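A structural walkthrough
The primary structure of each chain is shown beneath.
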Amino acid sequence: MKRAAPTGAIADRPTAPKRPRPRPRPQPALAAGVHLLAHQATLTYVPGAVPCARTEFDALFDAQPPPTPNPMNAKTFLRRRQGTFGATYRFGRQTSVNMGPVDAAPDVVRRCVDDARRRAGPDHAPNYTGAHVNWYPDGAAGLKAHQDATDPGPGAHLPIFSYSFLVDAADKPAAQPCRDFVVSHDKAQRDVAARVETRHGDLVVMAGAQFQRALWHAVPPTARKDKKHLRRVNVTVRPWAGSKAVRDAK
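Residues numbered from 1 in each chain as written. Predicted model: local features only at pLDDT ≥ 70, side-chain atom pairs only at ≥ 80, totals over all residues. Heavy atoms only, no water.

With respect to the pattern of salt bridges
Threshold: Whenever a carboxyl oxygen of Asp or Glu lies within 4 Å of a side-chain nitrogen of Lys or Arg, that contact is scored as a salt bridge. In DSSP terms, a helix is any run of H or I states spanning at least four residues, a strand is any run of E spanning at least two, and both are numbered starting from the N terminus. Exposed residues in this analysis have more than 50% of their type's maximum accessible area, buried residues have under 20%, and partly exposed residues fall in between, with area computed by a 1.4 Å probe over protein chains only.
In this structure the tally under the stated criterion is 11 salt bridges. In this structure, arginine 110 and aspartate 107 form a salt bridge, with 2.3 Å as the shortest nitrogen-oxygen distance. You can see arginine 110 and its partner aspartate 107 sitting in helix α2 (residues 107-120), three residues apart, about one turn around the helix. By relative accessible area, arginine 110 is classed as partly exposed at 32%. Residue aspartate 107 is classed as partly exposed on the basis of its relative accessible area, which comes to 41%. Two residues, aspartate 115 and arginine 118, come together in a salt bridge whose shortest N-O distance is 2.9 Å. In this pair, aspartate 115 and arginine 118 are both assigned in helix α2, three residues apart and thus about one turn of the helix distant. Note on arginine 118: relative accessible area 56%, which makes it exposed. Beyond isolated ion pairs, a larger network of salt bridges with shared partners links Asp180, Arg195, Glu197 and Arg199.

Structure representation (structure tokens):
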């Protein structure tokens, strides 16, 4: 004869409702200037650092290479395309398309390289010999949180200059369209250190010996309607000398 379960048995106790996880508070956008994010890691935000006319943007956007294979699935391609002027850039499981010498690059790219060399100063300018370019066709295209390679060498701890250019392909009126550049203390981006609303011609400078070791940076994709047709081109000028991830262009 089976015994009835005693009153208050565990099986009869109501299940406690799950508490929703608290959502992270929105990180306020950084103002222009130099910001210390971690020990030996600073981020500098310079609005309107490099000019770029609409015709120049269109020419640069049309110069994009073929689709970039997805390193996680050989049968698909990334929404974002990428190529490098002045070098062949190897990072992770990817190798960017060699776009030829930087002297033959579109005007905007050469302007970014010249600006980075000027900001780096005469002693370090020779290390900046090329530019890595990313083409984003819309807001749904993004860049996952990552750290740039910092192999030992003459330019290992020199600043990395990241220039953003944005144009709405639908030509909808927008005062200043932007895409977020997010820096976090972890790859999952649970602990955000800074958020920059990058606009057309803006510059973000990642500097310090610990920036690429203690921090992660990303351009999160977005489903916002006002960014559905927002095209973005990013030109990153970094020191190639001494990096094992780079093969010089011929």
